[in-house]
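# Observations on the model geometry
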Amino acid sequence: MTNVPVYPVFTPLSLEHQGLFDRVFAQNPPEISECTFTNLYAWRNAYHFGIAELSGLLIVRSVFNDSVRFFEPLGNGDKREVMERILIDTKSSFIRIPGATKNFFEGDKRFAVALDRANADYVYKTDDLIRLGGRKFDGKRNQIKKFFSANTFEYVVLNAASARECLSFADAWCIVRDCDSVEGLRHERAALEDMIVHFDAFGLIGGAIKVGNKICAVVLGQQLNPETLVMHILKADPNMPGLYQAMHHEFVKRQAQGFQF
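Here goes a summary of the coordinates provided.

Criteria and thresholds
Residues numbered from 1 in each chain as written. Predicted model: local features only at pLDDT ≥ 70, side-chain atom pairs only at ≥ 80, totals over all residues. Heavy atoms only, no water. Helix = DSSP H or I, 4+ residues; strand = E, 2+ residues; numbered from the N terminus. Rg over C-alpha atoms; globule rule 2.2 N^0.38 Å. Buried < 20%, exposed > 50% of the residue type's maximum accessible area, 1.4 Å probe, protein only. Contact = heavy atoms within 4.5 Å. Core = buried A, V, L, I, M, F, W, Y, C linked by side-chain atoms within 4.5 Å.

## Some points on the overall build of the protein chain
- A count of helices and strands for the protein chain gives eleven helices and nine strands.
- The C-alpha radius of gyration of the protein chain comes to 20 Å, within 12% of the 18 Å expected for a compact globule of 261 residues.
- Principal-axis analysis of the C-alpha atoms places the extent of the protein chain at approximately 60 × 35 × 35 Å.
- The burial tally for the protein chain puts 46% of its 261 residues in the buried class.
- The contacts of the protein chain with a sequence gap of at least 6 include a subset with a gap of at least 24, amounting to 60%.

If you want it as C-alpha cells, here you go:
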C-alpha cells in the first residue's frame, strides 16, 4: 500500500491517504458509521489515528487518553488471522466491529467479545423518518410544528461554496456551547470545520436552515454504503425550540430519499 508502513510501524492519518481509503471502501463498503475517511480524518487530532498495512489489510489504530484501540481491518484478506496477531501482540482490543467480524471470535475462549452498547449506531428506515407516523414520533412531530409555527425559514442544499457559510454558524454555536472550556466540543468544532473545508473532496451531502437570512442549523452526511446514509453532523441553535427536529426532518425528506437507511 502506497505511503503506508508495515505493522507494527504506524504513520499518522493524513489527507494523502484518502485515495487509499476510497479504494478500500469501494471494494468493501463499510457498515459502521465511524468507518469513513471523512470521520477518521475529521477526528484525527482527538483520537490520534494512525494507519499501517498487515497481510494486505489496512489497520487503523486509535490512541486516546493513553488507551490504544484498533478498528476492524479494512480490505480483502484474512481478518481473523490479522486481528488475532494484533490482539496477542498488543494485549489491546478492537472496537466498532460489525456482527460478521464479531462472529470470527465466538467460542474462542482466548478472547472476550462484548457488546459496546454506549457506542452502538442508531439505524433507522429512511421512510420512517420522512413519514414520522405513529405515536412513537408524536414528540418529534410536535417539536417540528412548534418551529414551523414560530419561524419563516429557507432550506439550503449545500455545495462547496455555500458550505463555507456554515463556518460563521459554527463559531456562533461554539460561543453558545462554550467550546473553549470543553475539550470534546473543541474537537467537535474542528471536525465540523474540516468537513466544511473539504466538502466536495469528501463527497459530502449537506443542508442548512436559514431564518432571516442567517444560518441557524446544519446537517452534514454522506453515503456509508449503497443502502445507508450516515449523518456526521447535526447542529442547531439551541435557543430555537424544535429547530433540531426540523433540521433533521427536512434533510432526510429532501436529501436522503435515495437511501433505505
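## Quick look at the nonpolar core
- By size, the foremost hydrophobic cluster in this structure holds 43 residues, and its most contacted members are L13, F21, V60, L158, V218 and L220.
- Elements with a contribution of two residues or more to this core: α1 (18-27), α2 (37-42), β3 (57-64), α9 (166-177), α10 (183-197) and β8 (214-225).
- Not counting the four nearest positions on each side in its chain, V218 is found in contact with L158, C166, F169, G207, A208, I233, L234, K235 and M247.
- Formed by 20 residues, the second largest nonpolar core is a distinct cluster that contains L132, C216, A236 and A256.

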